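For reference, the chains in residue letters:
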Amino acid sequence: MAQRWLWMLVPWRGGWNLRSKAPGQEEERHVRANDRDYNERFSYADNHIKTAKYTFYTFLPVNLFEQFQRFANAYFLVLLILQLIPEISSLSWFTTIVPLVLVLTITAVKDATDDYFRHKSDQQVNTRQSQVLIKGKIQNEKWMNVRVGDIIKLENNQFVAADVLLLSSSEPYGLCYIETAELDGETNLKVRQALTVTSDLGADVSKLAEFNGEVICEPPNNKLDKFIGTLYWKDNKYSLDNEKMLLRGCILRNTEWCFGMVIFAGLQTKLMQNCGRTKFKRTSIDRLMNTLVLWIFGFLICMGITLSIGNTIWEQRVGRDFWAYLLWDKLLSSPVFSGFLTFWSYIIILNTVVPISLYVSVEVLRLGHSYFINWDRKMYYSRKDTPAEARTTTLNEELGQVEFIFSDKTGTLTQNIMVFSKCSINGKTYGDVYDDFGHKVDITEKTPCVDFSFNPLMDRKFHFHDSSLVEAIKLEEPLVQEFFRLLALCHTVMPEERSEGELVYQAQSPDEGALVTAARNFGFVFRARTPETITLYEMGQFVTYQLLAILDFNNVRKRMSVIVRNPEGQLKLYSKGADTIIFDLLDQSNEELMYTTSEHLNEFAGEGLRTLALAYKDLDEDMFDEWMKKLLFASTSLNNREESLGALYEEIEEGLMLLGATAIEDKLQEGVPETISCLTLANIKIWVLTGDKLETAMNIGYSCNMLRDDMNEVFIISGHTLLEVQRELKNAKERIMGPSRDRFSSGQDVGKTDMYASDSVFEETIIAEYALIINGHSLAHALEADLEQILLDVACLCKTVICCRVTPLQKAQVVELVKRHKRAVTLAIGDGANDVSMIKTAHIGVGISGQEGMQAVLASDYSFAQFRYLQRLLLVHGRWSYHRMCNFLCYFFYKNFAFTLVHFWYGFLCGFSAQDVNEQYSLRYPNLYRPGQLNLLFNKRKFFTCTLQGVCTSFVLFFIPYGAFLSAVRDDGSHITDHQSFAVTIATSLVIAVSVQIGLDTNYWTAVNHFFVWGSLAVYFAILFAMNSDGIFRIFPSQFPFVGTARNTLNQKSVWLVILLTTVVCTMPVVAMRFLKTDLHPTQTDKVRLLQQATRRQSPQEQNLRRVRRTSSRRSAYAFAHQQGYGELITSGKNMKVHTSSTSAFPGNSLGRTHSSSSWIESMLKKRGDSNSAVEAEETTDSGITDQTRVDVLSEHSLETLYTN
């Protein structure tokens, strides 16, 4: 299952720019059905997918070429060549070639393994079977062999292999149902309908084989919701739009079969056009290391030049006195040429200043961090047996530097499950559970559920915990029964009975499915519908209602109603919708009940539930007949039809009687609000990018506490033109910053005012809290070059940003915008194919193995099962990885400079011949994450500090032993100043000094630390004595001639005193500086570490983050669907396989059907909080940088109290 989606990865060769089209792109497409010869003239892409990077023949040259593009590898290759020249090399060539070959081999094996799996996955996808009409017969063909213009057959629950034009289906009128979760994240079904002329082809293979229509349409593009084309057939032309297309990635649902004509295939399908190009991701530390390596290489060149000049001068003035003893050739007697050779000799000798072990050590360190993530049991999801997985080893330290998180909503923040949670009926609430003392208790998995065994058609997956509602149903309370009767009648759900008693509801939105399922379990089972009737199974009896009209939902009405006639002949209007709309239509007699229900709605909304008001009305027969005549006239009118229908709908809906309200829980994943709250305290900005509609996204924002009533203002950008969007963004910026600071105000110089847009410090001074919500069509304009900067300015000034109705490509464009202008580390997290593009674009991509398949996981760098694990991934593993990597690099450069520059100092005397706090406190104090975002622990300043320390250490390591040995003697009075004894003393001092340094850098001592630190000392002495032993001399007499040097040197007390003095002089300044810095200018980490130590001594109980509870009074507007309702489709009967007339049980004749044709109109009620939240700030100094953080009651221990001077 996982591999089938690897085709989502864009090929390594090729790809699409997020902004521009490729040169030479086709202007329009011509496709003729069943004519491959004609279509092949245009060289359209076939359906073959290639994600592999190499072939068997190109692997070695291409891989080596890529590896030697890394500066370090090229540097060591040049070094190896130099070591092969005996005149300049004093080191054996195998000291370089062995590690270089090892690094190249390990990298090549890793690349080959990755590419093997890509080849394997490509093979699985490309060889999947598809039914293609070839030469008048349906034949099984591999997906890779499908061509543009082919007619293919799809069956129920199959994935669509390419972008196809729907020709015919098993459903009436050429209808078919598809699920587009892989495209836009929406799980509700959508309807597609073939042209009437092609739907008549049916499943007749002979007619389909004779079909020779030609389609002229738009070229390949990434617009998922738009298709423009024309079908030419039999001297007629027919308009084509997106409602007649089945896109690759969709799944055919509730449709036995359908036939389609391939329009776009392979890489030219809309889904693949929306996938960003796979990029090689490198961390900021990697980029910094490359810069530093270049600087160090320049420093190495300078040292080589300095020493070569010194050698030239020395040779000219002093060196000629030694020529007779050295027996040099005449060729080498030239001082200038000697200096030239000396330059290259020192390049080789001093190469350890940039050793290849740096890159090997970094990769080993990253690999270890990856295993720590994989082994973390606290990120293991037992329900699905899914551990966390680090799918890359190159980005671990970047996890500790994230500033922006871009998150999908459906399946990432939510479980993509709607649950009927509570309700209010006639002023009484149901859904809460109380104990024996009348106190409300929290509902958990152990809370007993209501017994629905009295209902043979119950849905066993439905759970409800308040038994009093079932008792009210059994007591046949009229209003309670009317409440659930309304839920069972007022909807556009389609039932499917797969077997006796096994009902499956296909809902236009998951909300409607949850409400109809609730009515089903409480005894009002929706069984069947026709264009004229709805059949229920009410408390054990079949009851059929005559459906007279559906007053459909749209975004302006925010409600839907149905008019039915019950078996007793009574006319009833049932309505459900947003409470603000329904309350305006109520009869005056409902005033007291309205206030009571309104309080209940406030309670429901405060818990983050999606609320909905229900009402009904008894209709008069004569009035209804007159209204139907008006409706028939309005529905056939050519002018102002929608306005006339809307007015008529409202006319009959006035004077409603309130029944109550429902509360649906769009179930968040466990721990989402707490995780978002904690990450926000770590100064990480979280933006939600979702394909859902505005109201749904806002509701989740309130549930997650990203939106709150006490925010100063929530800006909603919904303009349809570039000027409208520009005006709305400017107004929002003026409201936040004031008109005088708006850099886009008229007549102002953009350059002079750019400081307000780019100064992140100024953003920190914004105390008020704002939120920005922008629609997809508005975002398309805002991302244009003229507006993208003001969009980014406003977004960064807001605490919360939500982008709704966005396409996969727009998600990637938003991420790219922040990457390009803010230069901050970004992380994208999602679970569906529609998230792949932004996951690839962000610095770090995280995939959640959710309900939308594994495609996001396959494209990600890290994966786990729950959003809440992101908190631990960043604040624990990310922070630790960043700290460890920075400490390692600081120590490594210090050690290398200390070691290498000893040779440099020696050159002047030899004639120029050459840890941290634990995981609980990391989560408890998210502000500890801040240094990573500011890149405080390893930067150019830190590098120069480490370099300076290394230079000073090398100076001490050389000149203290040198000064001491000038007049030192052994115990027997002989000299101790031979070169080998001097070298042993310096080397031993160096190893001990850097071991002490790494001990000072270690925050936690474990058995592993002790083993490697002291073990490295033991290994050093073992190797030292072995290299100076009799045994190694007998084996390699020419390589190891200094027998007994180590033993004779280290048995002298004076040598050990020199070593001790050298180590103390190297170490004491570091100890003193760290002590003074911690005592006088403690960082936040120092404070928390001291608090942790104090807490350990006191052994207090573990403190946990308080659970964030929402106190919003905002009522969640009900999201019926993601598009206009299907009322017209239902009443037309086009989606019904069997048409039945109204039965004789109904008095009177059918009064006809209504036709609703409303269009989308963006209308959103904005509600502002009355009070502003006060923000307190604590300033803590960390390496000279002021860090403002929000003070939250996270622990009973107060840092301010603990560190009061």
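Residues numbered from 1 in each chain as written. Predicted model: local features only at pLDDT ≥ 70, side-chain atom pairs only at ≥ 80, totals over all residues. Heavy atoms only, no water.

In the nomenclature of an unreviewed UniProt entry, the chain corresponds to Phospholipid-transporting ATPase from the organism Astyanax mexicanus. A UniProt comment under Catalytic activity (unreviewed entry) is attached to the chain, and it reads "ATP + H2O + phospholipidSide 1 = ADP + phosphate + phospholipidSide 2." In the Cofactor (unreviewed entry) part of its UniProt record, the chain is described as follows: "Mg(2+)". (UniProt positions renumbered as here; feature names shortened; annotations may be inferred.)

**Side note on the overall build of the chain**
Within the chain one finds 41 helices and 37 strands. Per-residue burial for the chain yields a buried fraction of 55% across its 1205 residues. As presented, the chain carries roughly 53,800 Å² of accessible surface, and 56% of it is formed by carbon and sulfur atoms. (Helix = DSSP H or I, 4+ residues; strand = E, 2+ residues; numbered from the N terminus. Buried < 20%, exposed > 50% of the residue type's maximum accessible area, 1.4 Å probe, protein only. Areas by Shrake-Rupley, 256 points an atom, 1.4 Å probe, with all protein chains shown as cover.)

**Some details on the nonpolar core**
Membership of the largest hydrophobic core comes to 55 residues, with the highest contact counts inside it found for Leu469, Phe484 and Phe522. The element that contributes the greatest number of residues to this core is helix H14 (residues 478-489), accounting for seven residues. Here Phe522 is in contact with Phe420, Phe452, Phe462, Phe464, Leu469, Val470, Ile473, Phe484 and Met539, once residues within four sequence places are set aside. Judged by nonpolar contacts, the second largest core, of 49 residues, contains Ala390, Met706, Leu873 and Leu874. (Core = buried A, V, L, I, M, F, W, Y, C linked by side-chain atoms within 4.5 Å. Contact = heavy atoms within 4.5 Å.)

**Quick word on the pattern of salt bridges**
Tallied over the full model, the rule gives 29 salt bridges. When the shortest N-O distance is used, the salt bridge between Glu179 and Arg253 registers 3.4 Å. In this pair, Glu179 is assigned in strand E6 (residues 175-179) and Arg253 in strand E12 (residues 251-253), connecting sequence segments 74 residues apart. Two residues, Arg820 and Glu788, come together in a salt bridge whose shortest N-O distance is 2.9 Å. Residue Arg820 is found in helix H27 (residues 808-822), and its partner Glu788 is found in helix H26 (residues 788-797); the two are separated by 32 residues along the sequence. (Salt bridge = Lys/Arg side-chain N within 4 Å of Asp/Glu carboxyl O.)

**Description of helix H22 (residues 722-737)**
Three or four residues apart is the spacing at which side chains of an α-helix point the same way, because the helix has 3.6 residues per turn. Along its 16 residues, H22 runs 22 Å from first to last C-alpha, staying within 8% of the 22 Å computed at 1.5 Å per residue. Within H22, the full set of buried residues consists of Val725, Leu729, Ala732, Lys733, Ile736 and Met737. One face of H22 carries all of its buried residues, which in axial projection span an arc of 110°. (Expected span 1.5 Å × (residues − 1). Arc of directions from axis to C-beta.)

**Brief notes about the sheet that holds strand E22 (residues 524-529)**
The strand order E17-E16-E28-E27-E26-E25-E24-E23-E22 describes an open sheet built from nine strands, whose pairing is antiparallel. With partners counted over all chains shown, the strands left at the sheet margins are strand E17 (428-430) and E22, one partner each. With direction set aside, neighbouring strand axes in the sheet form an average angle of 30°. Where H14 meets the sheet, its contacts fall on strand E16 (414-425), E17, E22, strand E23 (533-538), strand E24 (541-551), strand E25 (559-565), strand E26 (571-577), strand E27 (610-619) and strand E28 (657-668), and the angle it forms with E28 comes to roughly 60°. (Pairing = 2+ DSSP bridges. Axes fitted to C-alpha atoms, helices over the stretch in contact; angles between N-to-C directions.)

**Considering the packing of helix H9 (residues 284-317) against helix H33 (residues 940-965)**
One can describe the packing of H9 onto H33 by two numbers: an axis separation of 11 Å at closest approach and a directional angle of 40°. As far as their axial angle goes, H33 and H9 are oblique. Judged by the sense of rotation from one axis to the other, the crossing of H9 with H33 is right-handed. Two secondary-structure elements touch here, H9 through Leu288, Leu292, Trp295 and Ile296 and H33 through Lys940, Phe943 and Phe944. Here the residues of the contact of H9 with H33 sort into six nonpolar, no polar and one charged. (Parallel < 35°, antiparallel > 145°, perpendicular 65-115°, else oblique. Left-handed = near helix turned anticlockwise from the far one by under 90°. Nonpolar A, V, L, I, M, F, W, Y, C, P; charged D, E, K, R; others polar.)

**Re the sheet that holds strand E31 (residues 770-775)**
Strand order in the open sheet formed by nine strands is E14-E35-E34-E33-E15-E29-E32-E31-E30, with mixed pairing between adjacent strands. Only two strands of the sheet have a single neighbouring strand rather than two, namely strand E14 (389-390) and strand E30 (713-717). Inspection of the sheet shows strand E34 (residues 844-848) paired to strand E35 (residues 862-864) by three bridges, in the parallel sense. Residue pairing for E35: Gly847 is matched across the bridge by Ser863.

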